[in-house]
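# A structural walkthrough
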Amino acid sequence: MNAAQLKGKGKIIPKRRGLLLVVSAPSGAGKTTLCREMAHRVSGLQYSISYTTRAPRTGEVNGKDYFFVTEPEFMQRVRQEEFAEWARVHHNLYGTHAGFLKRTMDSGIDLLLDVDVQGAQLLKKRFPEGIFIFVLPPSMEILMERLRDRRSDAPEEIERRFRVAKKEIRNFVDYDYLIINDKIEKATRDLESIVLAERLRMTHADQNWIREQFLK
């Protein structure tokens, strides 16, 4: 933590670096809906928008849901080392912009990332101080129902995503927290509880500020 301080309304408060909160889940578990809901609910929390080469789904907006780019443009950004992590998922490329991540966290804003298991593994190596959260549906049967209810993929694509989900779930032990997304409202409260608790964790506190203010 940085010992630099901010003054306001007669108080001196410590300046903190933003937290990195990484949320992963198998396709259909509802992590994107969960993360977007959190961004509206908790102040000081920014939802990171990923780059992707997949085509926009109905209702999706460039720059709001994703940054939609071509594969050559994406790979050019890879060569320029612009991504903190990137991976090919379900035949498409996804990546998190490193510059945006650094600027946001340096400004003291907590950053919420919605990434697949591959991306989370890369981020954990680069940011071991991050908080890693895994989201599961109540059952595999419900996961299949959700994949079908989206009505955005062909039956063979749904079956493929379901098979991949079984492999991804094996990585749950690599995460710090687990959320079961049965009802979106409860899952959102659970994620909010994690964010608020992590903000108060002693390992994230500005310990130099505490010593300067209270132990001189």
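Here is a short report on the structure shown in this document. (Residues numbered from 1 in each chain as written. Predicted model: local features only at pLDDT ≥ 70, side-chain atom pairs only at ≥ 80, totals over all residues. Heavy atoms only, no water.)

## Points about the nonpolar core
Counting residues in hydrophobic clusters, the biggest one holds 20 residues, and the most contacted among them are Leu21, Met38, Leu112, Ile133, Val135 and Ile179. Per-element accounting of this core gives the leading share, 4 residues, to helix H7 (residues 184-199). The residues contacting isoleucine 133, other than those within four sequence positions of it, are Leu21, Val22, Val23, Ser24, Tyr175, Tyr177, Ile179, Leu191 and Ile194. Listed in part, the 18 residues of the second largest apolar core include Val22, Met105, Leu113 and Leu123. (Core = buried A, V, L, I, M, F, W, Y, C linked by side-chain atoms within 4.5 Å. Buried < 20%, exposed > 50% of the residue type's maximum accessible area, 1.4 Å probe, protein only. Helix = DSSP H or I, 4+ residues; strand = E, 2+ residues; numbered from the N terminus. Contact = heavy atoms within 4.5 Å.)

## Description of empty space enclosed by the protein
Using the criterion set out here, one finds 1 cavity of 30 Å³ or more in the structure. Of the pockets and cavities examined, the largest cavity occupies roughly 30 Å³. Taken together, Tyr47, Ser48, Ile49, Ser50, Asp65, Tyr66 and Asp114 form the lining of the largest cavity. (1 Å grid on protein atoms, 1.4 Å probe; cavity = no way out; pocket = protein on both sides within 12 Å on 5 of 7 lines; lining within 4 Å. Points joined across faces, edges and corners; volume = space filled by probe spheres on them.)

## With respect to helix H1 (residues 31-41)
A turn of α-helix holds 3.6 residues, and therefore any two residues three or four places apart point the same way. Buried within H1 we find Lys31, Leu34, Cys35 and Met38. Along H1, the residues classed as buried sweep out an arc of 95 degrees about the axis, all on the same side. Buried residues belonging to H1 abut strand E3 (20-24), strand E4 (45-47), strand E9 (110-114), strand E10 (131-136) and H7. (Arc of directions from axis to C-beta.)

## A few points about the pattern of salt bridges
In this structure the tally under the stated criterion is 18 salt bridges. Arginine 88 serves as the salt-bridge partner of glutamate 71, at 3.0 Å between the closest nitrogen and oxygen. Taken together, the positions of glutamate 71 in helix H2 (residues 71-79) and arginine 88 in strand E7 (residues 83-89) put the pair 17 residues apart, joining distant regions of the chain. Residues aspartate 106 and lysine 102 are paired through a salt bridge, measuring 2.6 Å at the closest nitrogen-oxygen approach. Of this pair, aspartate 106 and lysine 102 both sit in helix H3 (residues 98-106), 4 residues apart, which is roughly one turn of that helix. Beyond isolated ion pairs, a larger network of salt bridges with shared partners links Glu37, Arg41, Glu185, Arg189 and Glu192. (Salt bridge = Lys/Arg side-chain N within 4 Å of Asp/Glu carboxyl O.)

By themselves, these observations are geometric and do not establish any function.
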